[in-house]
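Notes for the structure review
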Amino acid sequence: MNPQANLIFIISLLLGTTITISSNHWIMAWTGLEINTLAILPLISKSHHPRAIEAATKYFLTQSAASALVLFSSMTNAWHTGQWDITQLTHPTSSLILTSAIAMKLGLVPFHFWFPEVLQGSPLTTGLLLSTIMKLPPIALLYMTSHSLNPTLLTTLAILSTALGGWMGLNQTQIRKVLAFSSISHLGWMAIIIVYNPKLTLLNFYLYAMMTATIFLTLNTIKVLKLSTLMTAWTKIPSLNAMLLLTLLSLAGLPPLTGFLPKWLIIQELTKQDMAPAATLISLLSLLSLFFYLRLAYCTAITLPPHTTNHMKQWRTNKSTSIMIAILTTMSVMLLPISPMILTIV
């Protein structure tokens, strides 16, 4: 793709995200979401592969339907209350329609079917944008309307997302699909706490985005898309593979690593809200996703396949990407000890 065109699309993405996050009026928020959708479509389909075109079409159709539902929800609320302000969403029907629209935008169960397919058809760099920056505007809208959402509905969606995200990722061999189901599972953790403590949802999203960015950039550096090629990739940059192992375990939420922090705080908050059964259930369901993270980690650094390809070790990598990966990896693995400071900032 032409670098100038690429730059325009990236700037449009940032502009759309900024408009949605900073707006108070529903029409402005909707405009930002539309700019985002239109800017990411060329980035998904830039390889001109039939699978990429299919992914872009699926993405366009689902996002258009979700945007229409956002408009319908805000118009219903304005009809009943006379308010176009995002924080004044008080009508129950409007909040129900909005929850469905945001679930469709994010890929929460039962509106999750498009996300693994779209991620599988996209390049790794576009997959990174789809998994991180494209999730921010819908989560910001959920954050602003969290006081009027239905807790029972969100808890149900969250538990179903964690269950299906873990369960459907078990038998995948394509890494992008595994990361898509991982995203659905993490969104379940964010959705369950949004009504009770919205700041925890944002903290969870920031840490998830950081760890996912590390994994996508690492995979892009070592040029790996399938589990079978991941097994032989350790010969390229062994140190990077070792750090990928730790980042995957962090994304799984294992204790000494950064990923444990949001899970720990969410379980604590749910227990305070007398939702110990939900906390227990979502913790047990996250063991499903732990299995496929361990499988990825095993393929990354522990397996020695019978037929190794004789790669020369790379003595020189792209410097700017290397620095970025180094910073992100360090943060993905070592932020747990400074969690009190993180909590005071948040």
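Just so it is clear, the model here is predicted, and its values are computed rather than measured.

Reading the values: rules and limits
- Residues numbered from 1 in each chain as written.
- Predicted model: local features only at pLDDT ≥ 70, side-chain atom pairs only at ≥ 80, totals over all residues.
- Heavy atoms only, no water.
- Core = buried A, V, L, I, M, F, W, Y, C linked by side-chain atoms within 4.5 Å.
- Buried < 20%, exposed > 50% of the residue type's maximum accessible area, 1.4 Å probe, protein only.
- Helix = DSSP H or I, 4+ residues; strand = E, 2+ residues; numbered from the N terminus.
- Domains from an automatic or database assignment.
- Contact = heavy atoms within 4.5 Å.
- 1 Å grid on protein atoms, 1.4 Å probe; cavity = no way out; pocket = protein on both sides within 12 Å on 5 of 7 lines; lining within 4 Å.
- Points joined across faces, edges and corners; volume = space filled by probe spheres on them.
- Nonpolar A, V, L, I, M, F, W, Y, C, P; charged D, E, K, R; others polar.
- UniProt positions renumbered as here; feature names shortened; annotations may be inferred.
- Phe/Tyr/Trp six-rings, centres within 6.5 Å; stacked < 30°, edge-to-face > 60°.
- Lys NZ or Arg CZ within 6 Å of the ring centre and 35° of its normal.

1. Brief notes about the nonpolar core
Note that soluble globular proteins tend to have their nonpolar side chains buried in a common cluster. Residues Ile40, Tyr59, Leu130, Ile192, Leu219 and Leu230 are the most contacted members of the largest nonpolar core, which totals 98 residues. Here the element with the most residues in this core is helix H10 (residues 198-222); it accounts for 14 residues. Of the domains in this structure, domain 1 (1-138) and domain 2 (150-306 + 321-345) are the two that each give at least three residues to this core. Setting aside residues up to four positions removed in sequence, tyrosine 59 forms contacts with Thr37, Ile40, Leu41, Ile44, Trp114, Val118, Leu130 and Met134.

2. Some thoughts on empty space enclosed by the protein
Scanning the entire structure with this criterion turns up 5 cavities of 30 Å³ or more. Taken together, Leu33, Asn36, Thr37, Tyr59, Gln63, Lys105, Trp114, Phe115, Leu130, Met134, Lys135 and Pro138 form the lining of the largest cavity. Breaking the lining of the largest cavity down by element, the ones donating at least two residues are helix H2 (26-44), helix H3 (50-81) and helix H5 (114-121). Residue contributions to the lining of the largest cavity peak at 3 residues, all from H2. Here the residues of the lining of the largest cavity are counted per class, giving 7 nonpolar, 3 polar and 2 charged.

3. Regarding the UniProt feature "domain: NADH:quinone oxidoreductase/Mrp antiporter transmembrane" (unreviewed entry) in the protein
UniProt's entry tags residues 23-288 with the feature "domain: NADH:quinone oxidoreductase/Mrp antiporter transmembrane" (unreviewed entry), counted in the numbering of this structure. What you have in residues 23-288 is 75% helix and 0% strand, and the ends, taken at the C-alpha atoms, are 38 Å apart.

4. Focus on the packing of aromatic side chains
Applying the stated rule across the entire model yields 5 aromatic pairs. Ring geometry for phenylalanine 260 and tryptophan 264: centres 6.0 Å apart, planes at 5°, overall stacked. On the criterion of helical spacing, the pair formed by phenylalanine 260 and tryptophan 264 is a turn pair, its members being 4 residues apart in helix H13 (residues 260-272). Chaining the aromatic ring pairs together yields one cluster made of Tyr59, Trp114 and Phe115. One residue, lysine 135, lies across the ring of phenylalanine 115, its end atom 3.7 Å from the ring centre. Its guanidinium or amino end placed over the ring of tryptophan 189, lysine 263 lies 5.1 Å from that ring's centre, counting from NZ or CZ.

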